[in-house]
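# Close look at the chain arrangement
These are the residues of each chain, in order.
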Amino acid sequence: MILVTGASGQLGRLVIDSLLEKTAASNIVAAVRSPEKVADLAEKGVQVHQADYTDQDSLVAAMQGVEKVLLISSSEVGQRTAQHNNIINAAKQAGVSLIAYTSILKADTSPLILAEEHVATEKLLAESGVPHVLLRNGWYSENYTMSVATALEYGVVGCAGDGKLATASRADFAAAAAAVLVNDGQAGKVYELAGDNAFTLSEYAAAISKVTGKTVAYQNVPEAEFTKILVGAGLPEGFAAILADSEAGASKGGLFSESKDLSTLIGRPTTPIEDSIKAAL
Ligand SMILES: NC(=O)c1ccc[n+]([C@@H]2O[C@H](COP(=O)([O-])OP(=O)(O)OC[C@H]3O[C@@H](n4cnc5c(N)ncnc54)[C@H](OP(=O)(O)O)[C@@H]3O)[C@@H](O)[C@H]2O)c1
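First, a word on what this report is: a plain description of the structure on this page. (Residues numbered from 1 in each chain as written. Predicted model: local features only at pLDDT ≥ 70, side-chain atom pairs only at ≥ 80, totals over all residues. Heavy atoms only, no water.)

### Some remarks on the pattern of salt bridges
Evaluated as defined, the whole model comprises 10 salt bridges. In this structure, the salt-bridge partner of glutamate 117 is arginine 80, at a minimum N-O distance of 2.8 Å. With glutamate 117 in helix α5 (residues 115-128) and arginine 80 in helix α4 (residues 80-94), this pair connects stretches of sequence that are 37 residues apart. The class of arginine 80 is buried, set by a relative accessible area of 6%. Salt-bridge contacts for glutamate 203 lead to lysine 164; the nearest nitrogen and oxygen are separated by 3.5 Å. Within this pair, whereas glutamate 203 is found in helix α9 (residues 201-212), its partner lysine 164 is found in the loop between β7 (156-158) and α8 (170-182), the two being separated by 39 residues in sequence. Judged by relative accessible area, lysine 164 falls into the partly exposed class, the value being 34%. In the salt-bridge network here, residues are joined through shared partners; they are Asp108, Glu122, Arg136 and Glu192. (Salt bridge = Lys/Arg side-chain N within 4 Å of Asp/Glu carboxyl O. Helix = DSSP H or I, 4+ residues; strand = E, 2+ residues; numbered from the N terminus. Buried < 20%, exposed > 50% of the residue type's maximum accessible area, 1.4 Å probe, protein only.)

### Regarding the pairing of strand β6 (residues 132-137)
In terms of residue burial, β6 counts as a mostly covered element, since 6 of its 6 residues are buried. Residues His132, Leu134 and Arg136 point to one face of β6 and Val133, Leu135 and Asn137 to the other, with burial holding for every one of them. Handedness of the strand β5 (residues 98-104)-α5-β6 crossover: right-handed. Two strands pair when backbone bridges link them, and β6 and strand β8 (residues 190-193) are joined in this way by 4 bridges, in the parallel orientation. Counterpart to leucine 135 in the pairing with β8 is tyrosine 191. (Right-handed = clockwise from strand over helix to strand, strands pointing away. Pairing = 2+ DSSP bridges.)

Shown next as structure tokens:
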């Protein structure tokens, strides 16, 4: 039995799609805080359990009879270490034999503020005594392609400088997680998951130009100005600052890696950014 937390999220759903290609639906447990969001999965035969990252008892109940847990990091930035601690403790209590955790690329050396909660979670895992495997996910290509329409109108704006971004699609990261969950011998492994074809944001703008036929330029701005632009676009100030910090981190190589762990795990090249742009359009 394999349990996926955050199964109602974008990555969680793709992991379950990928698992359904590899194992019977009855072997999969979707742990979600709102079961009505995944009624379609229940119809396919996936077991659905209500469990909230803030409620350890609900997590223990969901994990009864479960062998492996995919802990998808919470989207509630700032609350994540405590929430992840609940999931790790629950797994220990339920006698789970493996936790796979979606961390961040090069967590131990990353300059990104976002890495802090991942480092703390990796430490909790190490202290827990529960066998675990780290899936250090790089940036999703969709972080950029979700706003390709805006880029077509105003150009690409950011503060990543000439930093290379080794992104891959969410579906690539999901396929890697599923591969790790269905293959034995994963305890103790650390996967640095990055896309095969890294690009700078100038190259990303050129890729949009190539795909659409409309010339799009990249404008690099200081981090503080980029934060203001994101706030102006409607993002909450704290989150805008974190995103700008991530791009500033990318300018120092924080979102780049030459690791081929991702394409090796999924048995094919990662999705090129041009394909993600086309999918978004
Ligand atoms: N690598 C990257 O580029 C990148 C980018 C963004 C995020 N991330 C990280 O990767 C994770 C997965 O990405 P995603 O795109 O799938 O994010 P997402 O679509 O926002 O999904 C987040 C999932 O976490 C669940 N969740 C949040 N708080 C919870 C709680 N208290 N109890 C139970 N479930 C809770 C959400 O449940 P609900 O459906 O009930 O809200 C949802 O299923 C994110 O949560 C974040 O940690 C990575």
